[in-house]
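Read off the chains here:
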Amino acid sequence: MNRAKKNKRRFLVLSIVMLGAYLYFGYLWDAFADIEMLFILALSAGSLFLATRSEDFHERWEKWSESGREEYNKLSAQSAAKKENKKVIKCPTCHSRDVQFMQNNKKGFSVGKAVGGAALTGGIGTLAGFAGKKGKNEWLCTNCHTTFETK
């Protein structure tokens, strides 16, 4: 028995079971038009629709789902490449990737922070003078000779 016939039989059984559940619970709760009951009816109708389709339909469905998976994998690979591409440093003028690192404009020792740290914690607080931002990195584009900064 091929896969299409198995699926056809499964959908037929599922639709009969779901339709039976709709009728039983609708009669039991006297609620044929509640949202939950209509959901059960929609499931039974959808599975009945799939059960009555031809074998060609199921074969086309399997081909479509395989091509969809392949397309999804391609898009996932492209998005991963784009994320990797965003990490690359480019020249803002000519968008070249041919750049050289020049220097980091890091602030040096801050006397104000050292005095504040020493007043709060004692002698060890003078090390607070070295705390601060790292500064920005300077780059040189070897293509158009522009210098630019990044964080």
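Nothing here was measured: the structure is a model prediction, and the numbers come from that model.

Quick rundown of the overall build of the protein? Include the residues and the values.
Each helix and strand in the protein was counted, giving four helices and three strands. Traced from its N-terminal end to its C-terminal end, the protein shows the element sequence α-α-α-β-α-β-β. When burial is assessed residue by residue, the protein has 17% of its 151 residues classed as buried. Taken as a whole, the protein presents about 11,900 Å² of accessible surface, with 60% of it coming from carbon and sulfur.

Explain the pairing of strand E2 (residues 137–141) to me, using residue names and the numbers behind them.
With respect to burial, E2 is a largely interior element, four of its five residues being buried. Bridge analysis of E2 against strand E3 (residues 147–150) gives four bridges, and the strand direction is antiparallel. By the bridge assignment for E3, Asn137 is matched with Thr150. Taken together, E2 and the strand that follows it, E3, pair antiparallel across an intervening segment of five residues, in which His145 is found at a positive phi of about 60°.

Would you mind going over the nonpolar core in detail, with residue names and values included?
The biggest cluster of nonpolar side chains holds five residues, and these are Cys91, Val99, Trp139, Cys141 and Phe148. When residues no more than four places from it in sequence are discounted, the contact partners of Cys141 are Cys91, Cys94, Ser96, Asp98, Val99, Thr146 and Phe148.

Please provide a residue-by-residue account of the environment of Pro92, values included.
By the element assignment, Pro92 lies in the loop between helix H3 (55–86) and strand E1 (99–104). Looking at Pro92, the relative accessible area reads 52%, which means it is exposed. Taking C-alpha positions, Pro92 is 9.7 Å from Glu149, a pair spaced 57 residues apart along the chain.

Pulling in residues and values, what's your account of unusual backbone geometry?
A positive phi angle, close to 60°, is found at His95, a residue other than glycine. Note on placement: His95 falls in the loop between H3 and E1. Residue His145 is not a glycine yet carries a positive backbone phi of 60°. Locating His145 in the fold gives a position in the loop between E2 and E3.

Account for the packing of aromatic side chains, naming residues and giving values.
Inspection of the entire model under this criterion finds two aromatic pairs. Look at Tyr24 and Phe25: their rings are 5.1 Å apart centre to centre, the planes differ by 70°, and that puts the pair in the edge-to-face class. Note on Phe101 and Trp139: the rings are 5.3 Å apart at their centroids and 70° apart in plane angle, and the pair reads as edge-to-face. In this pair, Phe101 is assigned in strand E1 and Trp139 in strand E2, connecting sequence segments 38 residues apart. Judged by its relative accessible area of 46%, Phe101 falls in the partly exposed class. According to the relative accessible area criterion, Trp139 is buried, its value standing at 14%.

Give me the lowdown on the environment of Leu12, citing residues and values where you can.
Residue position: Leu12 is located in helix H1 (residues 3–29). For Leu12, a relative accessible area of 40% puts it in the partly exposed group. Sequence spacing of Leu12 and Leu50 is 38 residues, and the spatial spacing of their C-alpha atoms is 7.9 Å.

Criteria and thresholds
- Residues numbered from 1 in each chain as written.
- Predicted model: local features only at pLDDT ≥ 70, side-chain atom pairs only at ≥ 80, totals over all residues.
- Heavy atoms only, no water.
- Helix = DSSP H or I, 4+ residues; strand = E, 2+ residues; numbered from the N terminus.
- Buried < 20%, exposed > 50% of the residue type's maximum accessible area, 1.4 Å probe, protein only.
- Areas by Shrake-Rupley, 256 points an atom, 1.4 Å probe, with all protein chains shown as cover.
- Pairing = 2+ DSSP bridges.
- Core = buried A, V, L, I, M, F, W, Y, C linked by side-chain atoms within 4.5 Å.
- Contact = heavy atoms within 4.5 Å.
- Phe/Tyr/Trp six-rings, centres within 6.5 Å; stacked < 30°, edge-to-face > 60°.

Keep in mind these numbers describe shape, not what the thing actually does.
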